[in-house]
Amino acid sequence: MPRSSELSDFEKGIIIGYHKRGRSLRDISSYLKYPKSTVAYVIKKWKVSGDCRNVSRVGTPTKLGDRGQRVLTREIRKNRTQPMALICEEFQQAPKSIVSMNTIRKEAHLHGFHGRAAAHKPLITKSNRAAF
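Residues numbered from 1 in each chain as written. Predicted model: local features only at pLDDT ≥ 70, side-chain atom pairs only at ≥ 80, totals over all residues. Heavy atoms only, no water.

> Please clarify how the overall build of the protein chain should be interpreted in this entry.
Regarding its fold elements, the protein chain presents seven helices and zero strands. In the protein chain, the order of α-helices and β-strands from amino to carboxyl end is α-α-α-α-α-α-α. Here the protein chain has a C-alpha radius of gyration of 25 Å; the compact-globule value for 132 residues is 14 Å, and the former is much larger. Taking the principal axes of the C-alpha coordinates as reference, the protein chain spans close to 85 × 45 × 25 Å. Split into buried and exposed, the 132 residues of the protein chain put 23% on the buried side. Sequence-distant contacts in the protein chain: of pairs separated by 6 or more residues, those separated by 24 or more amount to 48%. Accessible surface, the protein chain as shown: approximately 10800 Å² in total, 55% of it carbon and sulfur. Counting 27 positive and 10 negative side-chain charges, the protein chain places the averaged centre of each group 7 Å from the other. (Helix = DSSP H or I, 4+ residues; strand = E, 2+ residues; numbered from the N terminus. Rg over C-alpha atoms; globule rule 2.2 N^0.38 Å. Buried < 20%, exposed > 50% of the residue type's maximum accessible area, 1.4 Å probe, protein only. Contact = heavy atoms within 4.5 Å. Areas by Shrake-Rupley, 256 points an atom, 1.4 Å probe, with all protein chains shown as cover. Lys, Arg positive; Asp, Glu negative; His and termini not counted. Charge placed at Lys NZ, Arg CZ, Asp CG, Glu CD.)

Here is the structure:
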């Protein structure tokens, strides 16, 4: 699932400025239209570390953005029984969507699409039916 957007350094600075002026959490959150938990988190981080800037993250960003993920789920839902190779080919035809099959498979798993076989059920014959 997509994550919510992160506050910019400027927005965090505004929160800290209001806090330094003596405004309460409730006042800051109602004035800036941010949740109280977000405002409290920014102030707590500032008090503990003295800094609340956004830092770079470890690892490579995801190849697919929100739009690519929506296109992928749409392609999978068209026919859920087709093999991953065909889904990959159809997805590659969309503009700006050149990714490997492993990436598509991982994104499909994140969105709840798994390749599972149905359980085999025994054939119910007249003798089996009479036994129950």
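> How should I be thinking about the nonpolar core in this particular structure?
Generally speaking, nonpolar side chains in soluble globular proteins are found buried as a group. Core analysis: the largest hydrophobic core is formed by eleven residues, namely Leu64, Val71, Leu72, Ile76, Ile87, Cys88, Phe91, Val99, Ile104, Ala108 and Phe113. When residues of this core are traced back to their parent elements, those giving at least two are α4 (66–78), α5 (84–92) and α6 (101–110). (Core = buried A, V, L, I, M, F, W, Y, C linked by side-chain atoms within 4.5 Å.)

> Just to check I follow, could you spell out the packing of aromatic side chains for this structure?
Geometry of an aromatic ring pair is reported as the spacing of the ring centres plus the angle between the planes. What the rule picks out here adds up to one aromatic pair. Pairing Tyr18 with Tyr31 gives two aromatic rings, centres 5.4 Å apart and planes at 75 degrees, and the pair type is edge-to-face. Taken as a pair, Tyr18 in helix α1 (residues 9–20) and Tyr31 in helix α2 (residues 25–32) lie far apart in primary sequence, 13 residues in all. By relative accessible area, Tyr31 is classed as exposed at 54%. (Phe/Tyr/Trp six-rings, centres within 6.5 Å; stacked < 30°, edge-to-face > 60°.)

> In this structure, what is going on with the pattern of salt bridges? I would like to understand it.
Side chains carrying opposite charge are able to pair once their charged atoms draw close together. Using the criterion set out here, one finds two salt bridges in the structure. Between Asp51 and Arg53 there is a salt bridge; the shortest N-O distance is 3.0 Å. In this structure Asp51 comes out as partly exposed when scored by relative accessible area, which is 31%. On the basis of relative accessibility, which here comes to 53%, the residue Arg53 falls in the exposed class. The shortest N-O distance in the salt bridge between Glu75 and Lys78 comes to 3.3 Å. Separated by three residues within a single helix, Glu75 and Lys78 lie in helix α4, roughly one turn from each other. Exposure remark for Glu75: the relative accessible area of 11% places this residue in the buried category. A residue is classified by how much of its surface remains accessible, and Lys78, at 60% relative accessible area, is exposed. (Salt bridge = Lys/Arg side-chain N within 4 Å of Asp/Glu carboxyl O.)

> What am I meant to see in α2 here?
Think of an α-helix as turning once every 3.6 residues; residues three or four places apart then point the same way. Along α2, the positions that sit buried rather than exposed are Ile28, Ser29 and Leu32. Buried residues of α2, viewed axially, fall in a sector of 95 degrees; they line one side. Those residues of α2 that are exposed and aimed more than 90 degrees away from the buried face are Arg26 and Tyr31. Residues of α2 that are buried in the fold lie against α1 and α3 (36–49). (Arc of directions from axis to C-beta.)

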